[in-house]
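# Chain and residue survey
This is what each chain is made of:
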Amino acid sequence: MEQHILIYPTYFPCIATMVAMAKAHKITLEVEDNYQKQTYRNRTYIAHSNGKLLLNIPVKHSKDSLHQKSKDVTAENNFPWLAEHWKSIQVAYKTSPYFEYYEDDLLPLFKNPAVKLQDFNITILEKIVAIIGLEIKIEKTNSYQKKTELQDMRHLVNCKKEPLYDFEKYHQVFEQSHGHLENLSIIDLLCNEGPNTLHYLESQSLKR
């Protein structure tokens, strides 16, 4: 059965979001929503020597932040968070099997200042889709609709109280120290599984 899903563009999407994308034949990105704090819109998690590490994009909030459109949210670039994120990724994955293989593809994403958060996330998503070889049509919403006829996967943006997805385990660089860490950023899967990334995503299932 063909699946047309509705999802949010997020910062280096978590594996659950990428599984949903890999199983779909068409994707519509929700770009007309009101911004909400503490979601994957501006954060992702990687495996690090100290365990699960949060990479958070600092954003500027308007006075009326409750009704600020996600597409209008801008990154706070008064300090070098992009450089810090890239350094953390380098340190975390320099010993992984495939980091050097993808390093030149990922590095440009951290070179130019990110202005609009949503645009930055979409650029990242397009890059990841190209890297893993996912052939899929991507569209954007024209208006926000609480109810949709599409397969609504917008809940995957929430990083609080996530369900246990029970994805198949794959080798992680710090697994001996911290055990297997579930539903990290696609960066983790890519650096550890390399060309097998798409096959892995297609073979998993989302349980709710």
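Before reading on, note that the structure itself is shown above.
A few points on the structure. Remember, predicted model here, so these are calculated numbers, not experimental data. (Residues numbered from 1 in each chain as written. Predicted model: local features only at pLDDT ≥ 70, side-chain atom pairs only at ≥ 80, totals over all residues. Heavy atoms only, no water.)

### What to know about the pairing of strand 2 (residues 26–29)
Taking every second residue as pointing to the same face, both faces of strand 2 are buried, with K26 and T28 on one and I27 and L29 on the other. Here strand 1 (residues 4–7) pairs with strand 2 via four bridges, running parallel. By the bridge assignment for strand 2, L6 is matched with T28. With helix 1 (residues 15–22) bridging strand 1 and its parallel neighbour strand 2, the resulting β-α-β unit is right-handed. The sheet contact formed by strand 2 and strand 7 (residues 137–140) spans four bridges and is parallel. Within the sheet, the bridge partner assigned to L29 lies in strand 7 and is K140. (Buried < 20%, exposed > 50% of the residue type's maximum accessible area, 1.4 Å probe, protein only. Helix = DSSP H or I, 4+ residues; strand = E, 2+ residues; numbered from the N terminus. Pairing = 2+ DSSP bridges. Right-handed = clockwise from strand over helix to strand, strands pointing away.)

### Regarding the packing of aromatic side chains
A complete count under the given rule lists ten aromatic pairs for this structure. With a centroid separation of 5.8 Å and an interplanar angle of 40 degrees, the aromatic rings of W86 and F99 are classed as tilted. You can see W86 sitting in helix 2 (residues 81–93) and its partner F99 sitting in helix 3 (residues 99–106), a full 13 residues away along the chain. Of the two residues, W86 and F99, both sit in the buried class. Here the aromatic cluster, defined as three or more aromatic residues joined through ring pairs, consists of Y11, F12, W81, W86, F99, F110 and F120. Cation over ring: R41 sits above Y8, and NZ or CZ is 4.3 Å from the ring centre. Over the aromatic face of Y45 sits the side chain of K52, whose NZ or CZ is 4.6 Å from the ring centroid. (Phe/Tyr/Trp six-rings, centres within 6.5 Å; stacked < 30°, edge-to-face > 60°. Lys NZ or Arg CZ within 6 Å of the ring centre and 35° of its normal.)

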